[in-house]
Structure formats: C-alpha cells, structure tokens
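# Observations on the model geometry
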Amino acid sequence: MTRSLLIAPQWIGDAVMSEPLVACLAARGEAVTVAALPWVAPVYRVMDGVAAVEELPFAHGRLDLGARWRLGRRWRGRFARAYVLPNALKAALLPWFAGIPQRIGYHGEGRIGLLTRRLPNPGGRPPMVPFYAALAEAGAPADSARPRLRLPAGRLAAVSAAQGLAPGGWFAFAPGAEYGPAKRWPEAHYAALAARLHAAHGLPVLLLGSAKERPIADAIAAAAPAGACRVLCGELALADAIALIAGARGVASNDSGLMHVAAAFGVPQVALFGSTSPRHTPPLSPAARVLWLGGDAGLPCIPCFERVCRYGHTRCLADLAPDRAAAALEDALHAGPSH
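Attention here is on the structure that accompanies the text. These figures come from a predicted structure and were not determined experimentally.

## Some words on the overall build of the protein
Each helix and strand counted, the protein has 13 helices and 12 strands in total. Relative to the globule expectation of 20 Å for 339 residues, the C-alpha radius of gyration of the protein, 20 Å, shows essentially globular dimensions. In terms of overall dimensions, the protein has a C-alpha envelope of 60 × 50 × 35 Å along the principal axes. Burial status across the protein gives 55% buried among its 339 residues.

## Considerations on the sheet that holds strand β12 (residues 288-291)
Pairing between the strands of a sheet comes from backbone hydrogen bonds, and it takes one of two forms, parallel or antiparallel. Pairing within the open sheet is parallel, and its 6 strands lie in the order β9-β8-β7-β10-β11-β12. The sheet is open, and its two edges are formed by β9 (229-231) and β12, each paired on a single side. Adjacent strand axes in the sheet meet at a mean angle of 20°, parallel and antiparallel pairs treated alike. Pairing geometry for strand β7 (residues 171-174) and strand β10 (residues 251-254), over 3 bridges, is parallel. Note that in β10 the partner of A172 across the bridge is V251. Contacting β8 (205-207) and β9, helix α9 (residues 214-223) crosses the sheet at an angle of about 160° to β9. Along the sheet, helix α11 (residues 257-264) makes contact with β7, β10 and β11 (269-272), crossing β11 at roughly 150°.

## Details of the packing of helix α7 (residues 155-162) against helix α10 (residues 238-246)
Where α7 meets α10, the axes come as close as 9 Å, and the angle between the chain directions of the two elements is 100°. Judged by the angle between their axes, α7 and α10 are roughly perpendicular. Counting all contacts with α7, which are made through R155, L156 and V159, the residues of α10 involved are A239, D240, A243 and L244. Each residue belonging to the contact of α7 with α10 can be placed in one class, and the counts come to 5 nonpolar, no polar and 2 charged.

## Comments concerning helix α8 (residues 187-201)
Over its 15 residues, α8 runs 21 Å from end to end, which matches the ideal 21 Å to within 8%, given 1.5 Å per residue. Buried residues of α8: H189, Y190, A191, L193, A194 and L197, and no others. Just downstream of α8, G202 is the residue with a positive phi angle, here 70°.

## Some details on the pattern of salt bridges
Applying the stated rule across the entire model yields 15 salt bridges. R155 is the salt-bridge partner of D240, the closest N and O atoms lying 2.4 Å from each other. With D240 in helix α10 and R155 in helix α7, the pair connects residues that are 85 residues apart, well separated along the chain. Taken together, the shared-partner salt bridges connect R28, E30 and R81 into one network.

## Focus: unusual backbone geometry
Cis peptide bonds are those with omega within 30 degrees of zero, and the linkage from I302 to P303 qualifies with -10°. As for its position among the elements, P303 is in the loop between β12 and α12 (315-318). Positioned with a positive phi, D64 is a non-glycine residue whose angle comes to about 45°. Take D64: it is sitting in the loop between β3 (50-55) and α4 (65-74). At F305, a position not held by glycine, the phi torsion is positive, near 60°.

## Re the packing of α8 against helix α13 (residues 322-335)
Contact geometry for α8 and α13: axes closest at 9 Å, N-to-C directions at 45°. With respect to their mutual orientation, α8 and α13 come out oblique. α8 and α13 meet at a crossing whose hand is right-handed. Contact with α8, carried on its side by H189, A192, L193, R196, L197, A200 and H201, involves P322, D323, A325, A326, L329, E330 and L333 of α13 and no other residues of that element. Looking at the contact of α8 with α13 residue by residue, the classes come out as 9 nonpolar, 2 polar and 3 charged.

## A short note on empty space enclosed by the protein
All chains considered together, the criterion is met by 3 cavities of 30 Å³ or more. In this model, the largest cavity occupies a volume close to 170 Å³. Along the wall of the largest cavity there are 17 residues; nearest its centre are Q10, L37, L56, F58 and R68. Across the lining of the largest cavity, the residue classes tally to 11 nonpolar, 3 polar and 3 charged.

## Side note on the pairing of strand β4 (residues 81-84)
Covered by surrounding structure in β4 are R81 and Y83 together with A82 and V84, the residues of both alternating faces. Bridge analysis of strand β1 (residues 2-7) against β4 gives 4 bridges, and the strand direction is parallel. Following the sheet pairing, S4 is matched in β4 by R81. One ladder, built from 4 bridges, connects β4 with strand β5 (residues 102-106); its direction is parallel. Considered in β5, the bridge of Y83 is made with I104.

Rules used throughout
- Within each chain, residues carry numbers counting from 1 in the order of the written sequence.
- Whole-chain, interface and lining totals are the exception, using all residues; otherwise, since this is a predicted model, local features are given only for residues with pLDDT of at least 70 and side-chain atom pairs are given and counted only at 80 or more.
- For side-chain calculations, the full set of non-hydrogen atoms in the structure is used, while hydrogens and water are omitted.
- Segments assigned H or I by DSSP are reported as helices when at least four residues long, segments assigned E as strands when at least two residues long, and all are numbered from the N terminus.
- A radius of gyration in this sense is built from C-alpha atoms; the matching globule rule multiplies 2.2 Å by the number of residues raised to 0.38.
- Relative accessible area decides the class of each residue, using a 1.4 Å probe on protein chains only: under 20% of the type maximum gives buried, over 50% gives exposed, and in between gives partly exposed.
- By definition, two strands form a pair when at least two bridges between them are found by DSSP.
- Every angle, taken between N-to-C directions, lies between 0 and 180 degrees, and every axis is a line fitted to C-alpha atoms, over only the stretch in contact when it is a helix.
- Note on contacts: a residue pair is in contact if any heavy atoms of the two residues lie within 4.5 Å.
- For classification, angles of less than 35 degrees are called roughly parallel, those exceeding 145 degrees roughly antiparallel, those between 65 and 115 degrees roughly perpendicular, and all remaining angles oblique.
- Following the grouping adopted for this structure description, the nonpolar residues are Ala, Val, Leu, Ile, Met, Phe, Trp, Tyr, Cys and Pro, the charged ones are Asp, Glu, Lys and Arg, and the polar ones are all others, Gly among them.
- Expected helix span is computed as 1.5 Å times (number of residues minus one).
- Whenever Lys or Arg places a side-chain nitrogen within 4 Å of a carboxyl oxygen from Asp or Glu, that contact is recorded as a salt bridge.
- Rotating anticlockwise by less than a right angle from the far helix to the near helix defines a left-handed crossing, while the corresponding clockwise rotation defines a right-handed one.
- Within this scheme a cavity is a closed region of a 1 Å grid, computed over the protein atoms alone, that accommodates a 1.4 Å probe without allowing it to escape, whereas a pocket is open but has protein on both sides within 12 Å along at least five of seven lines; lining residues each have an atom within 4 Å of a point.
- Grid points are joined across faces, edges and corners, and a volume is the space filled by probe spheres set on the points.

Taken by themselves, the reported measurements are silent on function.
Quick look at the structure:
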C-alpha cells in the first residue's frame, strides 16, 4: 500500500470538494494522511477514504518556515507520494522538506523544484471538484463525481441529544460567508424564511456559523418570531456543526463551506448565490436547489466575485425573495435526501 500525504486546502468548502480525489486515491490502494489546518481538519474526519488526519501547527496567512522545516524533517521516510492542493508556494514546502519522492500539484505560484509533477494552471475559475480530482491523473474520478461525507456511527445521536433535539427535528441555516457581505443573503430574508418554516413545520431553526457570524445570527433571531430560531454561532465545534447539518430536515445557506457540507451529506437545501457563480462552486447534490439571478435580472455585474458590492445595493441577493427560497426548499424537502 502506498502511503500518501495530502496537503489540504485552507477553506471548508474546498476541503469538501477534494473528497472525490481522496476517494479515488483510497480506491486504488493509497493510504491517505491529510495534513490540514485545525479549522478544516474536522471535514476530513468524516471522509471514508482518509486513513489519518494530521493537524498543522501553522498560523493562517503566515509562512512559518521554521515550523514547516521541523515538521518536514520529522516526516522524512514516512510517505512515498504527496498531493498539494493549495496553489500557494508555502503549501509545497512541507512535502519538499519531508523529502517525499513524488510531489504532485499545479504550477501554482512558480513552484519549480518543489514539485516533481506540476499540472498546468487552468484559466479562469474552474469547477473545483475536477480541478482537485485531476491531481490523481490516471484513473481520476469523472467530472460528474460529487463529494460524499459520512458521520461515524452514533455521532448524530450524541450531538443532537447534547443539544436537546429530537432526531431530524430541526432546520439549519448557515447565514454567514467568510468571503464577505456580497455573498450574504439579507438577515431580514433569513428571518422571513425562518418564520415560514417554523409555522409550516413546527421545528426550530438552528443558526450555525463561527463566533464572527454571531451578530448576523442574533439579528435574524431578533427579527424572526419568538422561538423560531436558536443561535449557535460560536458555541459549537465545527465537528458538532457538521453533525447538526447532516441531521437537519433541511438547510438554507449562502455560498459557503457549510453549504458544501450539506450537499455532501445529501440534505435537502436551498443555496443562495449572489456575487459568486454556481458554475464555479455549486452544491453538488440532487437534493440542492440553487437560487441565483445570474444575468436575467438586468444586473450585468453578476457575477463580480467581489467581497463588497461596488454599487452598495447587493441586489443580486436582496432581489431573491424569501417566498422564492421557501418554495425552493419545500421542493427539495418533497424530493427527499439524496443519500
């Protein structure tokens, strides 16, 4: 069995979209150890093809050259092959310091010498699943492959019990987006959708995300009817949030990492796109319904891929009415989960 190291992306959604690559490597007999930053590592712990996860002690955005060199030296002789998913130069340093014989990735930031096999950088913004899957080269998964995650036995029951929730007895919203406000559906719209769901189904809506997204969630809960929402932003480890998404009756989210988590579990969902494009990072699930105005709303600026709307109106999201989102989610619910 070939022992392989996979250098993970730095974002939750990108980590999810690397799953078909991991599955391909495992299927052909590679024992895959994933080296991931702590906030991404929980995603790989719910991937079937991962043999082990090593949390990296590096700070986000920093080179940490000494720490990379020391860790690489400790890993010498441990792996025969490395797959470097991020395009940054620093991502290729660890396998190079470790002396891994085969080091595979994209050209990225001029990584001549650091990688032994460099694929040409694709132009534009390619779909991320085939972008990562191509690193497998021979036997790479088809472009139609979609990510799949699976919770360990008993995990969902334990997390839902800890939160005092009945199995399947909640909806989940992920109203944040790390990239910026141009990817966030308005808080008032989320509140209106929560009101609709609570009235129709009698179930609470869990608001999930990081501590930085707590003010967004608090505003949604305040605008929704009393008892409709439960704010959990910043109160859960990512592993617990992943479990609550996996067990939700349905999910509503922006284009975010948690959107991809819901898709990989096959949960009925509505995904709301604004400044970004579902052609680049769609939720890959038959149970997903995508709402995106694209170019059909008289907004030639879509997609702009900006963090903040340059015109100040964010109509690409504001014009997506809550009633439309509710109808899309109900349609997904009637179709049922895709797993």
